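Observations on chain architecture
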Amino acid sequence: MTASYNNRLLFSSGPHRFWIGRQGQTQVSKLSQAVLEPGVFVIGLEWLRVLVVGRLVATSESALWTLRSAMVAELVNPPIRAPLVDRWGRTFADMSFVTYTESPRVDRGRSWSIGYTAEFKRIADL
């Protein structure tokens, strides 16, 4: 199985792994809300957050730019909801691609590559 977002194989050029962020209740300190007592208010569940950390790998500089451009093209405003599928076939429904960060350098050798982190969230109020 190949990992994808919005039915596009963005991650398949190189190694990558999925990381699921913290899950649970969002808590706000009572003190931050001018309530002079210890404790928290629970205001609902955290948005599901999935990071994809990997490398884009290509045979030339221009091919690497094509992969980079394909990744950035999925960052749209307003964000869309689409399925995010990991390489084992687990599907995260209604995910929005919210940030894309590249490592500071391109590695050159027999292939061209760059590390990246892509962040996806299940945003409740789109």
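Here, the structure is the one placed above.
Here the residue numbers are simple positions, counted from 1 along each chain's written sequence. Per-residue local features of the predicted model are confined to residues with pLDDT of at least 70, and side-chain atom pairs are confined, for both listing and counting, to 80 or more; whole-chain, interface and lining totals are unaffected and use all residues. Excluded from the side-chain calculation are hydrogens and water; included are all heavy atoms of the structure.

Notes on the packing of aromatic side chains
Counted only if it meets this: Here the aromatic set is Phe, Tyr and Trp, taking the six-membered ring for Trp, and pairing holds for ring centres within 6.5 Å; pairs whose planes are under 30 degrees apart are stacked, those over 60 apart are edge-to-face, and all others are tilted. Note on conventions: DSSP H or I runs of at least 4 residues are helices, E runs of at least 2 residues are strands, and numbering of each starts at the N terminus. Three exposure classes are used, based on accessible area relative to the maximum for each residue type with a 1.4 Å probe and protein chains only: buried under 20%, partly exposed in between, and exposed over 50%. Whether a charge sits over a ring depends on NZ of Lys or CZ of Arg being within 6 Å of the ring centre and within 35 degrees of the ring normal.
Per the counting criterion, the structure on display carries 6 aromatic pairs. For the pair Y5 and F120, a centre-to-centre distance of 4.9 Å together with 50° between the ring planes defines the contact as tilted. Placement of the pair is Y5 in strand β1 (residues 4-5) and F120 in strand β9 (residues 112-121), with a sequence separation of 115 residues. Both residues of the pair, Y5 and F120, belong to the buried class. Taken together, the ring pairs connect Y5, F11, F18, F97 and F120 into an aromatic cluster. Over the ring of W65 we find R68; its NZ or CZ atom is 3.9 Å from the centre of that ring.

A closer look at unusual backbone geometry
The step from N77 to P78 runs through a cis peptide bond, and the omega angle for that step is 0°. You can see P78 is positioned in the loop between α1 (61-73) and β6 (82-85). For N6, which is not glycine, the phi dihedral falls at a positive 55°. For N6, the location among the structural elements is in the loop between β1 and β2 (16-20). One non-glycine residue, D94, lies in positive phi territory at about 55°. Structurally, D94 is set in strand β7 (residues 91-102). For D94, a relative accessible area of 42% translates into the label partly exposed.

Description of the pairing of β7
For clarity, the cut-off: Whether two strands pair comes down to DSSP finding at least two bridges between them.
As paired strands, β6 and β7 are joined by 3 bridges and run antiparallel to one another. Bridge pairing in β7 places L84 opposite F92. Of the strand pairs in this sheet, β7 and β9 are connected by 6 bridges, and their pairing is antiparallel. Residue pairing in the sheet places E102 in a bridge with Y116 of β9.

Considering the environment of W112
For clarity, the cut-off: Should any heavy atoms of two residues lie within 4.5 Å, those residues are counted as being in contact.
Examined against the element boundaries, W112 turns out to sit in strand β9. Sequence separation between W112 and T59 is 53 residues; the distance between their C-alpha atoms is 5.9 Å. In contact with W112, other than residues within four places in its own chain, are L56, V57, A58, T59, S60, E61, L64, V106 and D107.

Observations regarding α1
Here is the rule we go by: Between the first and last residue of a helix there are one fewer steps than residues, each counted as 1.5 Å, and that sum is the expected span. Our arc is simply the arc of the directions from the helix axis toward the C-beta atoms.
Here α1 is 13 residues long and its end C-alpha atoms lie 18 Å apart, about the 18 Å a rise of 1.5 Å per residue gives. If you check which residues of α1 are buried, you get L64, R68 and M71. An end-on view of α1 places all buried positions within 55° of arc, on one side of the element. Facing away from the buried side of α1 by more than 90 degrees, the exposed set consists of S62, T66 and A73. The inward-facing, buried residues of α1 abut β5 (49-58), β7 and β9.

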